[in-house]
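What follows is the residue order along each chain.
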Amino acid sequence: MARFLSSVPELMDAGLRGTRLPRGRALALRLGAITAFLALWSLLSGAVVVLKLFNPIFMPGPWLVLGNVLDMAVRGPLWIHLAATLERVALGFGAGAALGVVLGLAAGHLASVRNVIEPVVELLRPIPPLAMLPMFIVWVGIGEVSKVGFITYATFFPIFLTTVNGVRQIDPLLLRAAQSLGARGLGLFTRVILPAALPDVLTGLRLGVALAFFVIVISEFIGAEQGLGYLINDGRNFFLVPQMLGAAVVLGLLGYAGNGLVRLLERRLTRWQHPA
Amino acid sequence: MAGGPKIRIQHIAKSFGPAGRAIPALAEIDLDVDERELVCLLGPSGCGKSTLLNIVAGFLAPTSGTVLVDGRPVSGPAPERGVVFQEYALFPWLTVSGNVEFGPLLQSRPAAERRRTVDRYLDLVGLRAHAEKFPVQLSGGMKQRVAIARALANNPAVILMDEPFGALDAQTREVLQDELSRIQRVEHKTILFVTHSIREAVYLADRVVVMTSVPGRIKQVFPIKLPEVRDRFAPEFTQYESDITRVVREEVAKVRE
Amino acid sequence: MSAAATRAVALLGVLALWAAVAHGNAWLGVVNPVLLPTPVEVGRVGLELAWSGELTRHFLTSLGRVAQGFGLAALAALGLGLLVGMCVPLRLMAEPVIEFVRPIPPLAFLPMFLVWFGLGEASKVAFIGYTTFFPMFVAIAASVLRVDVVLLRAAASLGASRADLVRRVVLPAALPGIAVALRVGVGLALFVIVGAEFMGADAGLGHLIMEGRTFFNPAQIVMGALVLGLLGSLINTLLLVAERRLLRWRVAA
């Protein structure tokens, strides 16, 4: 039942707010939507072949992409590349997150630390992390270390910044209340500051994961023999478009899964925010 | 003066939800509002008085029944029925005068005339000095006065007010009630006013319509025979208050069950 | 001390620290001095390139690509975002595409764009356009959806037609959200242009930086990165100023 906004009252009540859909219908809509997208894609690629619009190699249908992915999965190479990418992301993100959270907590809590770190961060922040990739390569060569190091560098900033913010935005009233109940020093830190800052820290981690997947590709374009990024770029040489698209989709799925994991963690650890 | 009431609410009923499992909000409502009358809809929370007002305004379609304003049926919002909302609904990107000017601007009134209109109504609500301020700079009471000026500036046939002073603190509330009373003595508009404050209703209304709890019905209508300028502490005033309170209490007790 | 002064002092402090570390290293020979360029060396490379006009050329090339790609994407995002925000069936149709594309990092499609459009300007512009379109589109549609219904009701009861509602209520009310969306888009464009210019480009700041790697000239890398940072800050500040002017009504003086 299409809602075309032909009158002012409709525009006001439905068109802008949108209809509130119940859970089940929303899910059905999602799945239906993706199916529709795939259908459209198939139609388009089919049309390209039938109507001879351009060389169909440039727009393979979804079945070709899927076929390529499955083929590589069955024969084995997909897993090798997937593992390579995952390993780099995991190590890089892990290091970046550890550094970001630890330094962020320190900088958020202690003005002395903040005054030292903040100017450096403020200087480096406007510079797109990608610009530093060649630097890492020059320093450490085209190996695993440069890739992992680069991811650490890239993920550090958002995690650091959101952690600092998480600590600093804590309502001073909460701290005073805790102190008047006897909390001091380390106790205050672990029992009040940490839990209060946790939601922001987790948001920062989520951003970090997304960013890690965002930048891993480019570092795998340059000087890699394995990895999903490598697969994508490698496909360029022989116009293996299904491979390029397939690897991209797999990467997307990985990122989605990573994001989902952090969200799960979020829901667990900050259950007090949404007890429902 | 044209014959017949200004607002005629005929057999209005409203239910929400899918057919078969619909929740009735309003049962048969019949009400006439005469020209220059200020009628208050009074009742406990959830009795449907705001729903009724929204139907008269044209924001909601009734399940059955019609509303006639000046003899013409209501089928949607229109400038003939000005509205003052509890949340002020001022356009934050426009100044005070920009807000008041909005209706005349939509009707393509010439600039000089708009200027005069804006000045007149800002004077009426006493905010001429703040004409170039933005809503974010105003207090709640001031915002509501701008909203009233905005509604009046468009020269509507009737004005609908949905608990307009509900978001204000007690002092400001009484000040604004005085303001509205004074404005009404100048402008003589036809006003349908929703409130859950008995005191407010007795102070402002020519007639107080007490509604029942869900599904809303008209329980009793109290004509208020008090002078134009009312004394909140006069014995007659308090008498009306207690009479109406008794009736409302019965309804409140029903909701609690 | 004012905020600006504190900033300046902090910046000088960092510069001093950098100089100290770099020069100290050159003197002590801890690491190959080439790998840790001093501010002086970086400055020198910058001046050389500026003098020869090369820096300007690369700078303008990158800027041009960002401007074109972002410009196209912004127009599309505005038009479609408004449409989708106001029309329920269109929104339901747009959602599948967004859900599918969103998790995939845009850079993963860079080689695709190179295959589709070749190695010229078109591929870079198209890539920037693609990257910035979706986030801006989603954000703009969201800000349209968030327009308070009571404002629409107020306008309608003052006599607004559908066109009036869109022009005089929806647009101004959604404007703050649109401004943020555009700012995010520009940031994203600047973020990926570097990466896009690493491969299959022979001009642009990203290419300049990559060249620094190819010819083992880290000073050039640092210089390129700093110029990029400067460009980003400049654009961001300009946008913030523009935003504050346009949205004067949000924070009254």
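Residues numbered from 1 in each chain as written. Chains lettered and ligands numbered in written order. Predicted model: local features only at pLDDT ≥ 70, side-chain atom pairs only at ≥ 80, totals over all residues.

> Mind showing me how you'd approach the packing of helix 9 (residues 185-221) of chain A against helix 10 (residues 228-237) of chain A here?
The axes of two packed helices give the description: the angle between them and the distance between them. All names here are of chain A. As a packed pair, helix 9 and helix 10 sit with axes 7 Å apart at the nearest point and diverge in direction by 55°. Our classification of the angle between helix 9 and helix 10 gives oblique. As for the relative orientation of helix 9 and helix 10, their crossing is right-handed in sense. Where helix 9 approaches helix 10, its residues I216, V217, E220 and F221 are matched on the opposing element by L228, G229, Y230, I232 and N233. By residue class, the composition of the contact of helix 9 with helix 10 is 6 nonpolar, 2 polar and 1 charged. (Axes fitted to C-alpha atoms, helices over the stretch in contact; angles between N-to-C directions. Helix = DSSP H or I, 4+ residues; strand = E, 2+ residues; numbered from the N terminus. Parallel < 35°, antiparallel > 145°, perpendicular 65-115°, else oblique. Left-handed = near helix turned anticlockwise from the far one by under 90°. Contact = placed C-beta atoms within 7 Å. Nonpolar A, V, L, I, M, F, W, Y, C, P; charged D, E, K, R; others polar.)

> Honestly, the domain arrangement of chain B in this entry has me stumped. Any pointers?
All names here are of chain B. Domain parsing of chain B yields domain 1 (1-80 + 159-164 + 171-257) and domain 2 (89-155). Relative to domain 2, the C-alpha centre of domain 1 lies at a distance of 26 Å. Of the residues lining the interface, 10 residues belong to domain 1; the matching set on domain 2 comes to 11 residues. Top contributing element to the side of domain 1 that touches domain 2 by residue count: helix 5 (residues 170-187), with 7 residues. Of the residues that constitute the side of domain 1 that touches domain 2, the class distribution is 7 nonpolar, 1 polar and 2 charged. (Domains from an automatic or database assignment.)

> What exactly am I supposed to notice about the nonpolar core here?
The nonpolar side chains of a soluble globular protein tend to be buried with one another. Counting 204 residues, the largest nonpolar core has V56 and L192 of chain B as its most contacted members. With residues near it in sequence (within four places) discarded, L192 of chain B still touches I7, V33, V39, L41, L53, V56, V158 and L160 of chain B. (Core = buried A, V, L, I, M, F, W, Y, C linked by C-beta atoms within 7 Å. Buried ≥ 20, exposed ≤ 12 C-beta atoms within 10 Å, placed from the backbone.)

> How do you make sense of helix 5 (residues 111-124) of chain A when you look at a structure like this?
Since one α-helical turn is 3.6 residues long, residues separated by three or four positions face the same way. Here helix 5 of chain A contains 14 residues, and its C-alpha end-to-end distance of 20 Å stays within 8% of the 20 Å for a straight helix at 1.5 Å per residue. At I117 of chain A, helix 5 of chain A shows its strongest bend, of approximately 35°, with the proline P119 of chain A following within four residues. (Expected span 1.5 Å × (residues − 1). Bend = angle between axes of the 7 residues up to and from the residue.)

> How should the interface of chain C and chain A be read in this particular structure?
Think of interface size as the accessible area that goes away when the parts come together; that is how it is often given. Taken residue by residue, the interface counts 57 residues in chain C and 55 residues in chain A. Counting residues per element, the ones that place at least two in the side of chain C that touches chain A are helix 1 (3-28), helix 4 (88-101), helix 5 (110-117), helix 6 (121-145), helix 7 (149-156), helix 8 (162-198), helix 9 (205-214) and helix 10 (218-246) of chain C. When the residues that make up the side of chain C that touches chain A are grouped by side-chain class, the tally is 43 nonpolar, 8 polar and 6 charged.

> Would you explain unusual backbone geometry in this entry?
Negative phi characterises most residues that are not glycine, and trans characterises most peptide bonds. All names here are of chain B. In the Ramachandran plot, N155 falls in the positive-phi region, its phi being about 50° despite a non-glycine side chain. One can find N155 in the loop between helix 4 (140-153) and strand 7 (158-162). Unlike most non-glycine residues, H188 shows phi in positive territory, near 55°. Structurally, H188 is set in the loop between helix 5 and strand 8 (190-195). Assessed through the 12 C-beta atoms surrounding it within 10 Å, H188 is described here as exposed.

> Looking at this structure, I do not really get the pairing of strand 10 (residues 218-223) of chain B. What am I missing?
Consecutive residues of a regular strand have side chains that alternate between opposite faces of the sheet. Residue and element names in this part refer to chain B. The sheet contact formed by strand 9 (residues 207-211) and strand 10 spans 5 bridges and is antiparallel. The partner of V208 across the bridge, within strand 10, is F222. What sits between the antiparallel neighbours strand 9 and strand 10 is a turn of 6 residues. (Pairing = 2+ DSSP bridges.)

> What should I look at first to understand the sheet that holds strand 5 (residues 72-73) of chain B in this one?
All names here are of chain B. Taking strand neighbours across the sheet as the criterion, the 4 strands line up as 2-1-4-5 in an open arrangement whose pairing is antiparallel. What marks the edges here is a single partner per strand, and that holds for strand 2 (23-33) and strand 5. Sheet analysis places strand 1 (residues 7-16) next to strand 2, joined by 7 bridges and oriented antiparallel. Pairing of S15 across the sheet is with P24, part of strand 2. Docked against the sheet, helix 1 (residues 49-57) engages strand 1, strand 2 and strand 4 (64-69), running at close to 120° with respect to strand 1.

> Any chance you could explain the sheet that holds strand 7 of chain B here in plain terms?
Strand pairs in the sheet, formed through backbone hydrogen bonds, run parallel or antiparallel to each other. All names here are of chain B. Taken together, 6 strands build an open sheet; the order of strands is 6-7-8-3-9-10 and the sheet is mixed. Only two strands of the sheet have a single partner each, and these edge strands are strand 6 (81-84) and strand 10. Taken over all neighbouring pairs, the strand axes of this sheet differ in orientation by 20° on average, direction set aside. Strand direction decides the pairing type here: strand 6 and strand 7, joined by 4 bridges, are parallel.

> What's the story with the pairing of strand 8 of chain B in this structure? I'm lost.
Residues and elements named next belong to chain B. For strand 8, the buried fraction is high: 6 of the 6 residues fall into the buried class. Neither face of strand 8 is left uncovered, since the one carrying T190, L192 and V194 and the one carrying I191, F193 and T195 both have all their residues buried. Summarising the sheet, strand 3 (residues 38-42) and strand 8 pair through 5 bridges and their orientation is parallel. Bridge assignment links V39 to a residue of strand 8, and that residue is L192. For strand 7 and strand 8, the ladder comprises 5 bridges, and the chain directions are parallel. Paired with D162 across the strands is V194, a residue of strand 8. Since strand 7 and strand 8 lie parallel, the crossover through helix 5 that links them has a hand, and here it is right-handed. (Right-handed = clockwise from strand over helix to strand, strands pointing away.)

> Before we go on, may I ask you to explain the environment of M93 of chain C in this structure?
Structurally, M93 of chain C can be placed in helix 4. Taking the C-alpha atoms as reference points, M93 of chain C and A74 of chain C, 19 residues apart in sequence, are found 20 Å from one another.

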